[in-house]
Amino acid sequence: MKNSKWSLKHFITYYNHRIVQLITACIVIMIVFFLVSFQNVSTETYEIEKFSAANQTIRSPITIENVKETERRIRNVVQSVEDHFEISEEVAEEQITYITEVFEAIEQIETGKIELDSNAEKLVSITDKTKYLEEIVHDDILMEVNSDTFKSLFQVKRDERVLAKELITTALYASYNSGVKVEEVDQTIKSLQQKLAYSTLDYSFVQSLHPLIAFSVKPNAFFSADQTNEAQQRARNSVEPVMIRAGEVIVEEGQLITNEIYEEMELTGLLNEERNFYPIVGLLILVCLIGLFLFIELQFQAKKSDFHFRKLIAITVLSVLMVVLMKVVSFYSTTVNPLYLVTPVAAVSMLLKILVNERFTIVLSIFYGVIGSVIFNANIPGLLNMEAGIFIIFSQLASIFFMATVKDKGSIIKSGLATSGINIATICLFLFLSFEKYTLFDYLMYGGYGFLSAIIATVLTLGMLPLFETGLGILSDIKLLALSSPNRPLLRKLLIEAPGTYHHSIMVANLSEASCEAIGANGLLARVAAYYHDLGKTIRPHYFIENQMGMKNPHDFIDPYQSAEIILQHPTDSAILLRKEKLPNEIIDISLQHHGTTLLKYFYFKAKEHKDNVKEEDFRYIGPKPRTKEAAVVSLCDSIEAAIRSLTNPNQQEIEKIVSSIFEDRLLDGQLNDSTLTFKELEQMRLVICETLKGIYHTRIQYPKDNNMKEAK
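Thresholds applied
Going along each chain's sequence as written, the residues are numbered from 1 onward. Thresholds applied to this predicted model are a pLDDT of at least 70 for local features of residues and 80 or more for the giving and counting of side-chain atom pairs; totals over whole chains, interfaces and linings are not thresholded and use all residues. The basis for every side-chain value is the complete set of heavy atoms in the structure, and neither hydrogens nor water enter the calculation. A run of DSSP states H or I qualifies as a helix once it reaches four residues; a run of E qualifies as a strand once it reaches two. Both are numbered from the N-terminal end. Computation of the radius of gyration draws on C-alpha atoms alone. For the globule rule, the value is 2.2 Å times the number of residues to the power 0.38. Working definition: with a 1.4 Å probe on protein chains only, accessible area under 20% of the residue-type maximum means buried, over 50% means exposed, and in between means partly exposed. Contacts were defined at the residue level, with two residues in contact if any of their heavy atoms lie within 4.5 Å. With residues, only the protein chains shown are counted as cover, and all accessible areas are computed by Shrake-Rupley using a 1.4 Å probe. Using only the protein atoms, space was sampled on a 1 Å grid; points where a 1.4 Å probe fits but cannot get out form cavities, open sets with protein on both sides within 12 Å along at least five of seven lines form pockets, and lining residues are those with an atom within 4 Å of a point. Grid points are joined across faces, edges and corners, and a volume is the space filled by probe spheres set on the points. Each residue gets one of three labels, nonpolar for Ala, Val, Leu, Ile, Met, Phe, Trp, Tyr, Cys and Pro, charged for Asp, Glu, Lys and Arg, and polar for the others, Gly among them. Here, nonpolar core refers to any group of buried Ala, Val, Leu, Ile, Met, Phe, Trp, Tyr and Cys residues whose side-chain atoms link them within 4.5 Å. Between the N-to-C directions of two axes lies an angle of 0 to 180 degrees, each axis being a line fitted to C-alpha atoms and, for a helix, fitted only over the stretch in contact. Any angle that is under 35 degrees is reported as roughly parallel, and any over 145 degrees as roughly antiparallel; angles of 65 to 115 degrees are reported as roughly perpendicular and all others as oblique. In this scheme, a crossing is called left-handed if the near helix is turned counterclockwise away from the far one by less than a right angle; it is called right-handed if the turn is clockwise. What counts as a salt bridge is simple: a side-chain nitrogen of Lys or Arg found within 4 Å of a carboxyl oxygen of Asp or Glu. Residues enter patches when their relative accessible area tops 30% and they take part in no salt bridge; the joining distance is 9 Å for like charges and 5 Å for the nonpolar side chains Val, Leu, Ile, Met, Phe, Trp and Tyr.

A separate point is the overall build of the chain. Within the chain, the secondary structure is distributed over 30 helices and 6 strands. Against the globule reference of 27 Å for 713 residues, the chain gives a C-alpha radius of gyration of 51 Å, more extended than a compact globule. Along the three orthogonal principal directions, the C-alpha set of the chain runs to about 175 × 80 × 60 Å. Counting every position in the chain, which comprises 713 residues, the buried fraction comes to 45%. Partitioning the intrachain contacts of the chain with sequence separation of at least 6 by distance along the chain shows that 78% fall at a separation of at least 24. As displayed, the chain has an accessible area near 38800 Å², and 56% of this comes from carbon and sulfur atoms.

A separate point is empty space enclosed by the protein. The tally for this structure, following the rule as stated, stands at 1 cavity of 30 Å³ or more. The computed volume of the largest cavity comes to approximately 30 Å³. For the lining of the largest cavity, the residue count by class is 5 nonpolar, 4 polar and no charged.

Relative to the elements of secondary structure, T461 occurs in helix α19 (residues 440-471). Expressed as a C-alpha distance, the spacing of T461 and A347, which sit 114 residues apart in the sequence, is 5.2 Å. Here T461 is in contact with A347, M350, L351, I354 and I412, once residues within four sequence places are set aside.

Core analysis: the largest hydrophobic core is formed by 63 residues, its most contacted members being L298 and I315. Elements represented by at least two residues in this core include exactly α1 (2-41), α13 (277-302), α14 (309-330), α15 (346-355), α16 (358-375), α17 (386-402), α18 (409-433) and α19. Per-element tally for this core: the top contributor is α1, with 10 residues. Those residues within four positions of I315 in sequence are excluded, and the remaining contacts are I29, L298, F307, L352, V356, F360 and L364. Of all hydrophobic cores here, the second largest spans 51 residues; its members include L483, Y532, A575 and I662.

Now for the packing of α14 against α16. α16 packs onto α14 with a crossing angle of 30 degrees between their chain directions and a minimal axis gap of 11 Å. Between α14 and α16, the crossing angle belongs to the class labelled roughly parallel. Remark: the crossing between α14 and α16 carries right-handed chirality. For the pair α14 and α16, the contacting residues are I315, L318, S319, M322, V323, M326, K327 and S330 in the first and F360, L364, Y368, I371, G372 and I375 in the second. A breakdown of the residues in the contact of α14 with α16 according to their chemical character gives 10 nonpolar, 3 polar and 1 charged.

Once that is clear, we can look at the environment of I257. Positionally, I257 belongs in the loop between β6 (249-251) and α12 (259-267). The sequence separation of I257 and K131 amounts to 126 residues, and the corresponding C-alpha distance is 82 Å. Discounting residues that sit within four places of it in the chain, I257 has contacts with I48, E49, K50, F51, S52, A54, V251 and Y262.

Evaluated as defined, the whole model comprises 20 salt bridges. Residues R620 and D669 are paired through a salt bridge, measuring 3.2 Å at the closest nitrogen-oxygen approach. Linking R620 in the loop between α26 (601-608) and α27 (629-645) with D669 in the loop between α28 (652-668) and α29 (679-696), this pair joins segments that are 49 residues apart in sequence. Since its relative accessible area comes to 26%, D669 is described here as partly exposed. Salt bridges here are not isolated pairs; linked through shared partners, they connect E69, R72 and R73.

All right, on to a nonpolar patch on the surface then. Where nonpolar side chains cluster on the molecular surface, the patch consists of F277, Y278, V281, I285, L289, L292, F293 and I296 and spans about 810 Å² of accessible area. Structurally, the position occupied by L292 is in helix α13. Residue classification places L292 among the partly exposed residues on the basis of a relative accessible area of 44%.

Remember that the coordinates give geometry; whether it matters functionally is a separate question.
What follows is the structure, encoded as structure tokens:
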């Protein structure tokens, strides 16, 4: 119970310590991100007086509406809207009807179609006709048209009268259709009179028609307040807000600071610092969001057995290096020459994938792209350079996905070349989507930037990887692959001095790698650790049965306690040799833990045959117990391979029985308590190990002996 409490306390202390480490790393990264990006969101202010000359070109730091200028344009547009009039068709129809009535009455009088009263005499003279016409036409006409006009109509020929009617009515229709305002009546009358004057009609006759024309023209277009208001509203809505865009030049160097320019500078916060607060708050929120999601992802990664403090340092260092590198490039990058395309961002993503893992690298690549869009915004607060952000993300994702497996340094070079292709494709995407026309030289130059970015990233990755592996002691796949080479001095030592142990280690490595891959652990680490786990046996190789080829067992001639001391010492001897050769701690730990605190049963029971008071502790390995999945896997596979090797001709049933018994024994002995293996993972391992061993120890064909072959001949 006491040990249980201590373990819980130890776990809580370790968990709190790990949380503090993660929070510290996130805070450091957030602070660096904020400090590097601060200049890109803070507005520079100027001490400038009106009507002075600007000593530099000043651009707007934000996008904002110039409300005063917008209102001025609205006023101008509204004032330019003409009054709208409503045209009365009734007035036009009435006046034209009056004129038509006069000419029709004259025509009927001339042709005798009008029936006179019985007492009336036949109309012969023009005077009589005129008097009769005055009696039958509308009174409104008589108020403005005198008898002389009527007489002139009777005096001319019928053709001239018909022509006069057509000219007057046609001109009236045209005028009334366009509308005749009150102030336009006189002008319209003169226009009609001129049309008749330019016709083929006799001038004196046209002069006599002036009163009739004056009568026919009346105003029919009346001011409409509703239509005028609607037109003004449409004009008001058509005015686009006057915007001062972020990055827009407000004043050129040497230009005079006018009132308008001064107002624009004041509006955009260039004359005071009251607007600086908001962009900084926005950056702070962005950095906090990145820090929050980074902490969540780090917590997820911390649950894995291979995640340790050294990797956290590498993440922090690479993140700082990334933003500092982008900041340095931003000093030389312009809109004309976007040097952010040369930034070797893929170097950080390749290093992170090798040193940490793919999932975490993808998450960080998105964060780097977001902060990069701020860093490369040409110091214009409120502006995000989305092209830079997209390029940074695509370049990193390409380097991650194309480096699917890290077998050697050649995979880094292949990933770099593939990344250069994605970089060029991304740059072409930007160029094709642009409205600007680019020459072939532009495509080659910008494409060269993308290619150069990938090449520099590859060189940096190859150069910096050993620094992280050696300086921080991080065990990468590339280093593991190098350690797995049979030409390594320690493995050659094992092969020459303890060949049986060497073969045993190879078998354990195969089983361990297959088991780890089945449960999602690091199979490569388990394989390499298995190669070295029994290196301590090279000190006294003949005391281990796999190396006793054709010789007597020396344990038959010594005390069980001495035998146990020799056997129990080999994990420690392995660790000593590995430390001496400066192998990674992960491999040393697995070598120390691969027997845990298991009981050396053979010599324990042999000792009990001679003594009654034998202490079990004297025949147990000193441990510690396996603390990672990989160590637990190697521990199980080591015992299983040794047990199967002891069988003369193992069959499938015997293999399954031995594997299950070893799993059960380790569980009951508590050897797997400190590892993170689950029962589901143990079952998956058991199935994989059984299948692998069945493939190794399958039934073989019994070939005939030499004597039988001779007899057959």
